[in-house]
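Reading the structure
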Number of protein chains: 2
Amino acid sequence: MLGQMMEAPLLISNTIDFAAKFHPDVEVVSRTVEGPIHRTSYGEIARRSRKLARAVQRLGVQSGTRVATIAWNTHRHLELYFGVSGMGSVLHTINPRLSSEQMDYVVHHAEDHVLFFDRSFLPLAARLMQASNPIKHFVLMGSEKDRASGDPGGLKYYDELVDEASSDYEWPQFDERTASSLCYTSGTTGDPKGVLYSHRSTILHSYCVTMADSLALSNRDVTLPVVPMFHVNAWGVPYAAAMVGSKLVFPGPGLDGPRLLDLVEQEGVTSLLGVPTVWMNLLNEARVRDVKLSSVEKVVIGGSAAPPSMIEGFELGHDVRVLHAWGMTETSPLGTVCRALRKHDEMSSEDRRKLQAKQGRPLFGVDLRIVDDQEQVLPHDGVAAGHLQIRGSWVASSYFKTESSHAHREGWFATGDIACIDPDGYVLLTDRSKDVIKSGGEWISSIGLEGAAMECPGVAQAAVIATPDEKWVERPLLVVVKESETQVDSEQILEFLRAKVPKFWVPERVEFVDALPLGATGKVLKRELREIFAS
Amino acid sequence: MLGQMMEAPLLISNTIDFAAKFHPDVEVVSRTVEGPIHRTSYGEIARRSRKLARAVQRLGVQSGTRVATIAWNTHRHLELYFGVSGMGSVLHTINPRLSSEQMDYVVHHAEDHVLFFDRSFLPLAARLMQASNPIKHFVLMGSEKDRASGDPGGLKYYDELVDEASSDYEWPQFDERTASSLCYTSGTTGDPKGVLYSHRSTILHSYCVTMADSLALSNRDVTLPVVPMFHVNAWGVPYAAAMVGSKLVFPGPGLDGPRLLDLVEQEGVTSLLGVPTVWMNLLNEARVRDVKLSSVEKVVIGGSAAPPSMIEGFELGHDVRVLHAWGMTETSPLGTVCRALRKHDEMSSEDRRKLQAKQGRPLFGVDLRIVDDQEQVLPHDGVAAGHLQIRGSWVASSYFKTESSHAHREGWFATGDIACIDPDGYVLLTDRSKDVIKSGGEWISSIGLEGAAMECPGVAQAAVIATPDEKWVERPLLVVVKESETQVDSEQILEFLRAKVPKFWVPERVEFVDALPLGATGKVLKRELREIFAS
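A brief look at the structure comes next. (Residues numbered from 1 in each chain as written. Chains lettered and ligands numbered in written order. Predicted model: local features only at pLDDT ≥ 70, side-chain atom pairs only at ≥ 80, totals over all residues. Heavy atoms only, no water.)

Moving on, we get to the relation of the copies chain B and chain A. In screw terms, the move from chain B to chain A is a rotation of 180 degrees and a rise of 0.0 Å along the axis, fitting with an RMSD of 0.0 Å. One copy is carried onto the other by what is essentially a two-fold rotation axis. Of the interface residues in chain B, 100% have counterparts in chain A that sit at the interface too, so the contact is made through matching surfaces. (Least-squares fit on C-alpha atoms with pLDDT ≥ 70 in both. Contact = heavy atoms within 4.5 Å.)

Rendered as structure tokens:
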């Protein structure tokens, strides 16, 4: 027997419709690629998203057609989020840092029909225009009035395309399982793999973003997503912000410390979201200017583990609470968020920051487990470490154009992370499966060792890799980037570590480098480090 | 093209499974009908819910079978919430305050197969046992060991039924639109009408309960739902609490001020939810004992409009924030929640409390509009008042065993409320359609007038009804219950009102009564008042 409740599909267009109706005047502020600050509102974004839907229809886009973007976080990209998905076509957000080869691959694999791109990425677009590929229309996200001498012929211009389109458009209603957006994850090996989100998964995930125990995105927030809109839909923030009416502040291409700090101060930002690297820049700039991030209330850090020193830097220096979160492209991305329980209120601040360095507790809608090498489920005792698996409403069931993958089995997705889970449900990642160091039969957590090393004065960044060892099979090697103008040496770091980690974790060697090799999403490429230090 | 995301149905059993896995040790505390405080945990509730599912199967309950309860808020009722809905049957929570005639009607209409009841309601059950009706099994929610001499033969006992059942049970997977629970709404006229909730509507509504902008139910909360579990599923709190791992405190039959206050103090309750009447008792008791509600952080008030004096009492006396919410049985119930926006931070406390007296802003998942008598949509200008209509994921599409109703039209449900909506989306209810007073062609808000009267010193409760008038067609009549030991008179109240409301609102007459007539859900029966004062 079915219930007798209204059965409207969960659609992305509902979020911007809701925003236009119940908080039309809430601002959306962007640092533009052109330079100046642009101010608009949800009411206007809603109106222009409808016009955009009409405009892409005129370019031959239909239900299911893939529409690509190579773009920063701006109001135009936001209109594409609502306009393209809202009309039933699929927004494919391309990471501009992909290699040429990877970019060619994803454009062909996705069969992109249109490419929208910011002027900063004109060279990438120009190269694609020359190559043989499925893209029929190249749209520069700017005005024809700003056409530059370097513009190749045959471009279309976003502003005119939207201005000329009719706003007389009603969002279509369709199956909520319809594909809404596509994001490729570029592993360190093999071709990029596409995650094809649905309207249903996006809306359920957006609810999760707004939960008090999760990111608690609220209409009281002024939210600045530094996490790119080409990276797991900016963690779902654009949809969730429209749902609750949070003022949005987009940094455009200005991801350096000075421009981020300007924007935070000028717009009264309360909530920041992004990967650890950008916060290093922001904290440094605040130190240089000797200012407090006085409007900021919370910083959500994900993408890779936040070092305890960063959590401390925000809390002690700026009275800002760090929310550590964990997820993946395949998980939309929210899997866990780290918030203290009431019983933790009595904790010492040192213990509390140790707790905050964990990835946190899962949110209703996803289910987690850890298994051993034989796929036997391990207990949540805070000690047993195993392969972390996840399933749930916003977890990919397979990759685009494939039916199965090695990582998907028996309804679970194998994350490739090693973790333990404590009795309160807190997940602590200890390693990536492929980065695990097994020394004398025992696992050494490269993440744990990196975190400890980064607490050592003078160490700016740290990465740990396994090196072969005759006696122990593997031993950890610590690779360090020094803070500028410090003179920390190998023995000082090792001495520091001896007081912090189990004896057998302490590496025999420390290597110093000027910079760590980073992949397209800002993560350290340990594979390259292993090649460099193989000898 | 469909997305490639996992497609698990949204089921109520997921909530208790999640609780058992990620916060098994969080407490569920109940004041029992037997008297003592009972302590259990989500882990144990999960285990016993599965046993309960097995037990009701043995009573012949199948998918879709209706299982009725007449019960207080306790751990046993919570097990019924998960066990009965989890196995695919339908939990029909009966309001014990229904008249015999109404109760016979709903039992027949629902075709209840089993009735679970608390010992307090043995007389009601005994009467139903004598009557001809579809109930095959009567289960007393207690232990056979406590069998009393007054127990009629043929009863089953909850504790033994559950204890004897196997816990070897896996929740079935089924269509998320499947009916999960049934709650009848008893209007002032006509037969009660059943709202048949689905698993999908319940889970989506539960997400809404946990949103930061909504009730923000969190694992940091110690939640005491005074709102009965037979009243719109206790506003969805039991499901949402399991989702986030909030400690639950159930008051059982102890709804008087002294026992509520004991429980709040002993269990460190942070969040209270209920209708205005119970809070009057709690505030009075706190005054008598001269204690502060020091653990309490928020009180959610719904069911009927919270008088400004109550909001003030909580805030000034106890530093407790009142969240005013609005909804109906037909809306699961959350429609709007009243929280201040950031721009309101600068408001005077008087203005802020005026804002808090509004019903609040809608939450994503429901859509609202106001229309005039010709069904023309009215603007959100904070001035135009019209018939409030609602639609959304947790709004009933029709009543049980009917296909249409006068209130459901063109995808909207007519709430029967008169409201205005301001540009920020805040809803202010000014009246029930049937209670509207139209005087000289102008509407007078009975709710507004009641709120103003209750601010007058010496006035404990106030109700306003329309009386016929030759010149103005209708005029308001104010009916007042005085606070004990005060001597306020008619002229003092009218003098007070003259300074508070538009001149033409001020009634010509005040009538004093010892108590207002209340319906089964604690609302004032204005129909009865109109009959009494018809002359």
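We are not done yet, so read on.
Moving on: the pattern of salt bridges. Counted according to the given criterion, the structure contains 80 salt bridges over all chains. The shortest N-O distance in the salt bridge between Arg-498 of chain A and Glu-495 of chain A comes to 2.9 Å. You can see Arg-498 of chain A and its partner Glu-495 of chain A sitting in helix H15 (residues 490–498), 3 residues apart, about one turn around the helix. For Arg-498 of chain A, a relative accessible area of 44% puts it in the partly exposed group. The class for Glu-495 of chain A is partly exposed, based on a relative accessible area of 47%. Here Glu-44 of chain B makes a salt bridge to Arg-47 of chain B, at a shortest N to O gap of 2.9 Å. Linking Glu-44 of chain B with Arg-47 of chain B, this pair stays in helix H2 (residues 42–58), spanning 3 residues, or about one helical turn. A residue is classified by how much of its surface remains accessible, and Glu-44 of chain B, at 27% relative accessible area, is partly exposed. On the accessibility criterion, Arg-47 of chain B (38% relative accessible area) is partly exposed. Here the salt bridges share partners, and the residues they tie into one network are Glu-27, Arg-39, Lys-247 and Glu-267 of chain A. (Salt bridge = Lys/Arg side-chain N within 4 Å of Asp/Glu carboxyl O. Helix = DSSP H or I, 4+ residues; strand = E, 2+ residues; numbered from the N terminus. Buried < 20%, exposed > 50% of the residue type's maximum accessible area, 1.4 Å probe, protein only.)

So, about the sheet that holds strand E7 (residues 156–157) of chain A. Residue and element names in this part refer to chain A. Pairing in this open sheet of 7 strands is mixed, and the strands run E7-E6-E5-E3-E4-E8-E9 from one edge to the other. Strands with a single pairing partner mark the edges of an open sheet, and in this sheet they are E7 and strand E9 (193–198). Docked against the sheet, helix H4 (residues 100–110) engages strand E3 (66–70), strand E4 (90–93), strand E5 (112–117) and strand E8 (179–185), running at close to 155 degrees with respect to E8. (Pairing = 2+ DSSP bridges. Axes fitted to C-alpha atoms, helices over the stretch in contact; angles between N-to-C directions.)

Residue and element names in this part refer to chain B. Among all positions in helix H4 (residues 100–110), only Met-103, Val-106, Val-107, His-109 and Ala-110 are buried. The secondary structure elements touched by the buried residues of H4 are strand E3 (66–70), strand E4 (90–93), strand E5 (112–117), helix H5 (122–130) and strand E8 (179–185). In the segment just after H4, Glu-111 is the residue with positive phi, at about 55 degrees.

Let's shift gears to the sheet that holds strand E24 (residues 459–469) of chain A. All names here are of chain A. With mixed pairing, the 3 strands of this open sheet are ordered in space as E24-E25-E26. Either end of the sheet is taken by a strand with one partner, and the two such strands are E24 and strand E26 (509–512). Here the average twist between neighbouring strands, direction ignored, is 30 degrees. Pairing of strand E25 (residues 473–482) with E26 involves 4 bridges; the strand directions are parallel. Bridged to Val-480 within E26 is Phe-512. The strands that helix H14 (residues 446–454) touches are E24 and E25; relative to E24, the one it contacts most, it runs at about 140 degrees. Those strands touched by H15 are E24, E25 and E26, and its axis lies near 130 degrees from that of E26.

Within the fold, Ser-143 of chain A resides in the loop between strand E6 (137–140) and E7. Within the structure, the side chain of Ser-143 of chain A is placed 2.9 Å from the side chain of Glu-160 of chain A, a separation counted as a polar contact. (Polar contact = N/O pair within 3.5 Å; in protein donor to acceptor, adjacent residues only side chain to side chain.)

Residue and element names in this part refer to chain A. Where helix H1 (residues 12–22) meets helix H3 (residues 75–86), the closest approach of the two axes is 8 Å, and the angle between their N-to-C directions is 130 degrees. Viewed along their axes, H1 and H3 adopt a mutual orientation that is oblique. The handedness of the crossing between H1 and H3 is left-handed. Contacts between H1 and H3 pair Ile-12, Ser-13, Thr-15 and Ile-16 from the former with Tyr-81, Phe-82, Ser-85 and Gly-86 from the latter. In the contact of H1 with H3, the residues fall into 4 nonpolar, 4 polar and no charged. (Parallel < 35°, antiparallel > 145°, perpendicular 65-115°, else oblique. Left-handed = near helix turned anticlockwise from the far one by under 90°. Nonpolar A, V, L, I, M, F, W, Y, C, P; charged D, E, K, R; others polar.)

With that settled, consider the packing of aromatic side chains. A complete count under the given rule lists 19 aromatic pairs over all chains for this structure. Centre to centre, the rings of Phe-82 of chain A and Tyr-239 of chain A are 6.5 Å apart; their planes meet at 80 degrees, and the pair counts as edge-to-face. With Phe-82 of chain A in helix H3 and Tyr-239 of chain A in helix H9 (residues 237–244), this residue pair connects regions lying 157 residues apart in the sequence. This pair shows no difference in class: Phe-82 of chain A is buried, exactly as Tyr-239 of chain A is. Aromatic pair Phe-364 of chain A and Phe-18 of chain B: ring centres 5.6 Å apart, planes at 85 degrees, arrangement edge-to-face. One end of the pair, Phe-364 of chain A, is in the loop between strand E16 (361–362) and strand E17 (366–371); the other, Phe-18 of chain B, is in helix H1 (residues 12–22), on a second chain. Among the aromatic residues, those joined into a cluster by ring pairs are Phe-18, Phe-22, Tyr-207 and Phe-364 of chain A together with Phe-18, Phe-22, Tyr-207 and Phe-364 of chain B. Positioned above the aromatic ring of Phe-512 of chain A is the side chain of Lys-482 of chain A, whose terminal nitrogen or guanidinium carbon lies 4.7 Å from the ring centre. (Phe/Tyr/Trp six-rings, centres within 6.5 Å; stacked < 30°, edge-to-face > 60°. Lys NZ or Arg CZ within 6 Å of the ring centre and 35° of its normal.)

Structural measurements only, silent on function.
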